[in-house]
Amino acid sequence: GGANSASGDWSAATPRGTLPDFRWTRRSLMSFAGVSVVDSAKHCTCDTSAVYAGADSGYHLLMVRDYSRTKVQLPTGESATTGLFTVGEYDWYIEYYPNGENPNCRDFVSLYVTRHTLYDCEGEEDVEAKFSFSLVDQLEKHKPVYIHGTNKTCTFSSSAPSWGSDRFVRRDALERSAHLKGDCLTIRCDIMVVCKDHKIEDAAGTVPDINQHFGHLLQNKVGADVTFEVGGETFAAHRCVLAARSKVFMAQLFGPMKEGATTSSVIQIKDMEAKVFRALLSFIYTDSLPAMEKDSMEEDEMSEVMDEGREEAAEFEMWLQWLEDLFVAADRYDLQLLKLICEKQLSEHISVSSVTSTLALAEKHHCCGLKEACLKFIQVQSPSCLQTVMATSGWDHIAVTYPWVVKEFIAKLASNQRK
């Protein structure tokens, strides 16, 4: 299993193709699609006989009993597979790799969701869907608006039927966390199948959605009536679109702030890189997080002086900085969904080297969820890692600038010791 799965090094899944014909409403409810229980290597029972999540959105629970035993019996590259469950009229199953799907992620638990197809069935249509893996007690991650806003749409096809996360959670962090109770844990997989109106599609071909239309409007600049200058680059946009999406732009372009902000033909935006503002505009128009653009010159220079491992690490650091800057921009322009998406990505990629800067960012921008994720990450570190974190200049900055955060952390540690 997992041979056709996409690598999930920086996100839950690698996006493919263009934006789909998405007709999901944020008030949709997630239907229950059964429970699978793993209690030994490759032994999995699935109770779905009385459950049919025919709705376009559903979730399946994977209960891992005797986690330690599965970790011993399933080496890297081997998985336990759930039974089939149904969401959106399609059959699915989950693959659970306690020691990682490949050697590059051997320190992580890997998870993949696969659309089940018949081997002798030719010409099956591709399925567009969003999916999300979470632990069952992470309640904020189970909301449809969260799942929709923080996950890319993936194409489940005959050539790539599996998508997932090869680095869902570090094993050492999981084993020190409260999520593993009595050597058991429960994982939730949410799936949202993209709905298509087949009658319209048959009559007129694939119908672009409103996000595609607005994305094209941003690209072709037809009717643009405001220009921004950011980092030496200029960006044309539409006042009404910006104002409809952001209260800050509404005030700047149409409210009391407008005279001072728009007396010149070009609005200057300082303290922001051009690539960050470009991503911000893209989200405003399409409601989707774009991939980070790469500077081809920087990429060529990195390739010349770095080996593959160091190049990958440097590229990751660039992506992380871009994400932090986009988080700040989302907060600046009051784009709460974009801020939530950035928060999710930052929470999933906390490391010993980045946790103090991320914690300071969360506190500065009043992001309680990200702050809590950072504190939990520090809590479960080994004594040596904890010393490394506290020896950094970033921790000193937190102690001086946000002393109450240090007090909160000490209180949490004391509470854990009492338990």
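These numbers were taken from a predicted model, which means no experiment stands behind them.

(A) Spatial organisation of the overall build of the protein. Across its full length, the protein carries 17 helices and 14 strands. Per-residue burial for the protein yields a buried fraction of 48% across its 419 residues. Sequence-distant contacts in the protein: of pairs separated by 6 or more residues, those separated by 24 or more amount to 70%. With the model as given, the accessible surface of the protein reaches about 20,900 Å², and the carbon-plus-sulfur share is 52%.

(B) Just unusual backbone geometry, in detail. In this model, D271 sits at a positive phi of 60 degrees, which is unusual for a non-glycine residue. Structurally, D271 is set in the loop between β14 (266-269) and α9 (274-286). Non-glycine residue D334 carries a positive phi angle of around 55 degrees. Structurally, D334 is set in the loop between α11 (308-332) and α12 (336-348). Its relative accessible area of 28% is what places D334 among the partly exposed residues.

(C) Structural view of the pattern of salt bridges. Applying the stated criterion to the full structure yields 10 salt bridges. Its salt-bridge partner being K71, residue E175 comes within 2.9 Å of it at the nearest N-O pair. Taken together, the positions of E175 in helix α3 (residues 171-175) and K71 in helix α1 (residues 67-73) put the pair 104 residues apart, joining distant regions of the chain. Residue classification places E175 among the partly exposed positions, given a relative accessible area of 34%. Among the residues examined, K71 registers a relative accessible area of 25% and is labelled partly exposed. Here K371 and E408 are joined by a salt bridge, their closest N and O atoms 2.8 Å apart. With a gap of 37 residues between them, K371 in helix α14 (residues 368-379) and E408 in helix α17 (residues 403-418) connect regions that are remote in the sequence. In this structure K371 comes out as buried when scored by relative accessible area, which is 13%. Its relative accessible area of 29% is what places E408 among the partly exposed residues. The network of salt bridges with shared partners includes E363, K371 and E408.

Parameters and conventions
- Residues numbered from 1 in each chain as written.
- Predicted model: local features only at pLDDT ≥ 70, side-chain atom pairs only at ≥ 80, totals over all residues.
- Heavy atoms only, no water.
- Helix = DSSP H or I, 4+ residues; strand = E, 2+ residues; numbered from the N terminus.
- Buried < 20%, exposed > 50% of the residue type's maximum accessible area, 1.4 Å probe, protein only.
- Contact = heavy atoms within 4.5 Å.
- Areas by Shrake-Rupley, 256 points an atom, 1.4 Å probe, with all protein chains shown as cover.
- Salt bridge = Lys/Arg side-chain N within 4 Å of Asp/Glu carboxyl O.

That's the geometry; what it means functionally is another story.
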